[in-house]
Amino acid sequence: MMILKGVLIFALAMCAFAVQAGEKDSVIVGKITYHYSAKLDTLIQNFIINNKQKAVFSGYRIQLIAGTNRQAILNFKSDFYKAFPEKRSTMIYQQPNFKLREGAYRSKLDAYRELLLIQREFPDAFIIQDDIPLEDL
């Protein structure tokens, strides 16, 4: 993923240089000439369209419990709401387990701050990386 981001940034920089130079197929920077194709513009546009459709980002959640017994997870969710009425938790099903997760954090540091509070009541909670829909923020 990081390589793709690096390539995209390099490609955007080359497009910017090309626009400044007034040429669409090559850019001279110092002693180096960079050549690019108009296909690069199409590739960048497709990348932007795909990311808008996805509407998720890689973030963090706190996993509170996991197990195969759905009723036990629902009981735990009730206990969690009693301890933290202001926090929102979500139960998901990933065969064969039900998982109870809390929060939607952009950074691991934000999740860790909340984890320290939650672990006072629920010491088995831990941080996981998850795809977070933008509407969860």
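This write-up is about the structure you can find in this document. Worth saying up front: this structure is predicted, and the values here are computed from it rather than measured.

## Points about the nonpolar core
Stage number 1. Judged by nonpolar contacts, the single largest core of 16 residues is most densely connected at I62, L64, F80, I118, F122 and A125.
Stage number 2. Setting aside residues up to four positions removed in sequence, F80 forms contacts with L64, K87, S89, E102, I118 and F122.

## Structural notes on the environment of G67
Stage number 1. The topology assignment puts G67 in strand β3 (residues 56-67).
Stage number 2. Along the sequence, G67 and N97 sit 30 residues apart, while their C-alpha atoms lie 5.0 Å from each other.
Stage number 3. Among residues more than four places away in sequence, those in contact with G67 are I73, P96, N97 and F98.

## Quick word on the pairing of β3
Stage number 1. Relative to strand β6 (residues 126-133), β3 runs antiparallel, the two sharing 8 bridges. By the bridge assignment for β6, I62 is matched with I127.
Stage number 2. Pairing analysis gives 6 bridges linking β3 to strand β5 (residues 97-105), with the strands arranged antiparallel. Each bridged residue has a counterpart across the sheet, and for Y60 the counterpart in β5 is Y105.

## Some remarks on the sheet that holds β5
Stage number 1. Pairing is antiparallel across the open sheet formed by 4 strands, whose spatial order is β4-β5-β3-β6. Because the sheet does not close on itself, it has two edges, and the strands there are β4 (89-94) and β6. The average undirected angle you get between the axes of adjacent strands in this sheet is 45 degrees.
Stage number 2. Helix α3 (residues 70-83) contacts β3, β4 and β5 of the sheet and is inclined by roughly 165 degrees relative to β4.

## A short note on the environment of R113
Stage number 1. One can find R113 in helix α4 (residues 108-118).
Stage number 2. Exposure remark for R113: the relative accessible area of 48% places this residue in the partly exposed category.
Stage number 3. Here the side chain of R113 touches D110 through a polar contact of 2.9 Å, side chain to side chain.

## Digging into helix α2 (residues 39-54)
Stage number 1. The end-to-end C-alpha distance of α2 is 23 Å, a good match for the 22 Å that 16 residues give at a rise of 1.5 Å each.
Stage number 2. Backbone geometry just after α2 places A55 at a positive phi near 55 degrees.

## Points about the packing of aromatic side chains
Stage number 1. What the rule picks out here adds up to 5 aromatic pairs.
Stage number 2. Plain terms: the ring middles of F76 and F122 are 5.0 Å apart, the flat faces sit at 55 degrees to each other, and that makes the pair tilted. Pair noted here: F76 is in helix α3 and F122 is in the loop between α4 and β6, with a separation of 46 residues, a long-range link. The residues F76 and F122 share a single accessibility class, namely buried.
Stage number 3. Considering the side-chain rings of F80 and F84, the 5.4 Å spacing of their centres and the 40 degrees angle between planes classify their relative orientation as tilted.
Stage number 4. According to the relative accessible area criterion, F84 is buried, its value standing at 9%.
Stage number 5. Through successive ring pairs, a cluster of aromatic residues spans F76, F80, F84 and F122.
Stage number 6. One residue, R106, lies across the ring of F57, its end atom 5.7 Å from the ring centre.

What counts and what doesn't
Residues numbered from 1 in each chain as written. Predicted model: local features only at pLDDT ≥ 70, side-chain atom pairs only at ≥ 80, totals over all residues. Heavy atoms only, no water. Core = buried A, V, L, I, M, F, W, Y, C linked by side-chain atoms within 4.5 Å. Buried < 20%, exposed > 50% of the residue type's maximum accessible area, 1.4 Å probe, protein only. Contact = heavy atoms within 4.5 Å. Helix = DSSP H or I, 4+ residues; strand = E, 2+ residues; numbered from the N terminus. Pairing = 2+ DSSP bridges. Axes fitted to C-alpha atoms, helices over the stretch in contact; angles between N-to-C directions. Polar contact = N/O pair within 3.5 Å; in protein donor to acceptor, adjacent residues only side chain to side chain. Expected span 1.5 Å × (residues − 1). Phe/Tyr/Trp six-rings, centres within 6.5 Å; stacked < 30°, edge-to-face > 60°. Lys NZ or Arg CZ within 6 Å of the ring centre and 35° of its normal.

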